[in-house]
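# Topology and contacts: notes
Below are the chains, spelled out letter by letter.
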Amino acid sequence: MSGLSCGIVGLPNVGKSSLFNALTANEAPSSNFPFCTIDPNVGNVEVLDTRLNELSEISNSKKIIHAAMLFVDIAGLVEGASKGEGLGNKFLANIRETDAILHVVRCFEDSNITHVSGDIDPVRDIEVINLELILADLQSVESMIPKVEKKAKGDRKLLETVAVLKRVLDHLNQNQPVRTLELNDKEKELLKPYPFLTEKQVLYVANVAEDALPSMENAYVQKVREYAEAEGSYVVTICAKIEEEIAQLSSEEQKEFIESVGLSESGLQRLVKASFEMLGLITFITTGEIETRAWTIPKGFTAQEAAGKIHTDIMKGFIRAEVVSFEDMIAYKGRVGAREKGKARSEGKEYIVKDGDVILFLHN
């Protein structure tokens, strides 16, 4: 989960490169991300969290480490990618390795920037890419079913898997992505060994022109919202051109510029936050003199599982976790003050971690 990644897709001339340039201009120091088949277009972006600054002041921390997210520029998606057109096969392999898809959609008119189809129609553009992913999944499931059926002759339990794969096949044949297929928990479990591209969550990034600021709404964006709502996906509106400009400024200048165009935060930060939300992620925090650090975990993680994010030894030797909410850390000026007011809770390994919990793990 540390190599959390979103693949950026989109047709040519939709603003994908501008967005990627903006993301990588603010690149966080790179960690060791397990991305093996990827070309160099990878950006590691910090998820800025003001809570860390406040805690580091109380703890006199030497450094602050924000959570980070990896963005991968997936090149080569054109009509026919599923048949190997463009960089088809490479592109599909790269998407397979990401946790989610950011789909950049053009929602602006500009006579100087030609559109591959000659006119602006965001829903058509979305469907071109979605169809390529559906076709790739169809190829996969069509080759899987006979193999699993063959194995099922010797292992009757696999018949249930065959049944679910056939449901996936029918759904894809209706031009529907796997993520919109209603599956119960058991069926989801059976599908785990068979990852599908269209099963991944999608965040549609509606790219607007500068004149759409600060509301960033127009008729094209509305169409994207309606499409996304129908399949239960997220939408974030940004102006990639402005984001590219913001990324070149110092943090002080960025703040001024963002306010001057009537926004409260950059589109990139909204994008990163929406990606976090979409993937069901939260952060817990550790703080001390050495560092104040955010750790990314899925919602629903127990204290013991969270300890494993820091080190497997802490997870194995887990005794208990001392938990203080971020608000109490600030109100009582640190862990000692929170303890005196009875606000430091001792939690066992089954405790479900909440976003913003400031945790001290006690272990053997």
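Everything discussed here concerns the structure shown above.
A brief report on the enclosed structure follows. (Residues numbered from 1 in each chain as written. Predicted model: local features only at pLDDT ≥ 70, side-chain atom pairs only at ≥ 80, totals over all residues. Heavy atoms only, no water.)

Moving on: the overall build of the protein. Along the protein, the regular secondary structure elements total 14 helices and twelve strands. By the burial criterion, 49% of the 364 residues in the protein qualify as buried. Taking all contacts inside the protein whose residues are at least 6 apart in sequence as the whole, residues at least 24 apart take part in 69%. Taken as a whole, the protein presents about 18000 Å² of accessible surface, with 50% of it coming from carbon and sulfur. (Helix = DSSP H or I, 4+ residues; strand = E, 2+ residues; numbered from the N terminus. Buried < 20%, exposed > 50% of the residue type's maximum accessible area, 1.4 Å probe, protein only. Contact = heavy atoms within 4.5 Å. Areas by Shrake-Rupley, 256 points an atom, 1.4 Å probe, with all protein chains shown as cover.)

Two quantities define a packed helix pair, namely the angle between the helix axes and the distance between the axes. Where helix 8 (residues 240-247) meets helix 9 (residues 251-260), the closest approach of the two axes is 9 Å, and the angle between their N-to-C directions is 150 degrees. As the angle between them shows, helix 8 and helix 9 are arranged roughly antiparallel. Residue-level contacts link Ile242, Glu245, Ile246 and Ala247 of helix 8 to Gln254, Phe257 and Ile258 of helix 9. (Axes fitted to C-alpha atoms, helices over the stretch in contact; angles between N-to-C directions. Parallel < 35°, antiparallel > 145°, perpendicular 65-115°, else oblique.)

Counted by the stated rule, this structure contains one cavity of 30 Å³ or more. Elements with a minimum of two residues in the lining of the largest cavity: strand 5 (100-106) and helix 4 (122-152). It is strand 5 that provides the largest number of residues to the lining of the largest cavity, a total of four residues. When the residues that make up the lining of the largest cavity are grouped by side-chain class, the tally is six nonpolar, two polar and two charged. (1 Å grid on protein atoms, 1.4 Å probe; cavity = no way out; pocket = protein on both sides within 12 Å on 5 of 7 lines; lining within 4 Å. Points joined across faces, edges and corners; volume = space filled by probe spheres on them. Nonpolar A, V, L, I, M, F, W, Y, C, P; charged D, E, K, R; others polar.)

Two elements, strand 6 (residues 201-207) and strand 7 (residues 234-238), share five bridges in a ladder whose sense is parallel. In the strand pairing of strand 7, Asn207 is matched with Ile238. As for the winding sense of the linkage, the β-α-β connection from strand 6 through helix 7 (residues 219-231) to strand 7 is right-handed. (Pairing = 2+ DSSP bridges. Right-handed = clockwise from strand over helix to strand, strands pointing away.)

Attention now goes to the pattern of salt bridges. Inspection of every chain in the model, using the stated rule, returns 17 salt bridges. The partner of Asp49 in a salt bridge is Arg51, and the shortest N-O contact between them spans 2.9 Å. Overall, Asp49 belongs to the buried group, its relative accessible area being 14%. Arg51 gets classed as buried once you look at its relative accessible area, which sits at 17%. Glu291 is the salt-bridge partner of Arg293, the closest N and O atoms lying 3.7 Å from each other. (Salt bridge = Lys/Arg side-chain N within 4 Å of Asp/Glu carboxyl O.)

Right, let's talk about the sheet that holds strand 7 for a bit. Ordered in space as 2-4-1-5-6-7, the six strands form an open sheet in which the pairing is mixed. Every other strand in the sheet has two partners, leaving strand 2 (42-47) and strand 7 as the edge strands with one partner each. Going across the sheet, the axis of each strand differs from the next one's by a mean of 25 degrees, ignoring polarity. Alignment of strand 5 against strand 6, held across seven bridges, turns out to be parallel. Note that in strand 6 the partner of Val105 across the bridge is Ala206. Sheet strands touched by helix 4: strand 1 (5-9), strand 5 and strand 6. Its angle to strand 5, the strand with the most contacts, is close to 145 degrees. Along the sheet, helix 7 contacts strand 5, strand 6 and strand 7; its crossing angle with strand 7, the most-contacted strand, is approximately 160 degrees.

Right, let's talk about the environment of Leu4 for a bit. Among the secondary structure elements, Leu4 is positioned in the segment before strand 1. Note on Leu4: relative accessible area 2%, which makes it buried. Separated by 65 residues in sequence, Leu4 and Met69 have C-alpha atoms that sit 5.7 Å apart.

What follows covers the side chain of Lys200. Looking at where Lys200 falls in the secondary structure, it is placed in the loop between helix 6 (185-191) and strand 6. One buried charged side chain, Lys200, makes no salt bridge at all; its nearest oppositely charged neighbour is Asp99, positioned 6.4 Å away. Engagement of the side chain of Lys200 in a polar contact is seen with the backbone oxygen of Thr98, the distance being 2.5 Å. Excluding anything up to four places from it in sequence, Lys200 contacts Ile95, Arg96, Thr98, Asp99, Ile101 and Arg179. (Lys, Arg positive; Asp, Glu negative; His and termini not counted. Polar contact = N/O pair within 3.5 Å; in protein donor to acceptor, adjacent residues only side chain to side chain.)

Attention shifts here to the packing of helix 4 against helix 5 (residues 158-173). At a minimum axis distance of 9 Å, the contact between helix 4 and helix 5 shows a crossing angle of 160 degrees. When the axes of helix 4 and helix 5 are compared, the pair comes out roughly antiparallel. Crossing angle aside, the handedness with which helix 4 passes helix 5 is left-handed. Contact residues: Ile134, Asp137, Leu138, Val141, Glu142, Met144, Ile145, Val148, Glu149, Lys151 and Ala152 in helix 4; Leu158, Leu159, Thr161, Val162, Leu165, Lys166, Val168, Leu169, Leu172 and Asn173 in helix 5. (Left-handed = near helix turned anticlockwise from the far one by under 90°.)

Treat this as a map of the structure, not an account of what it does.
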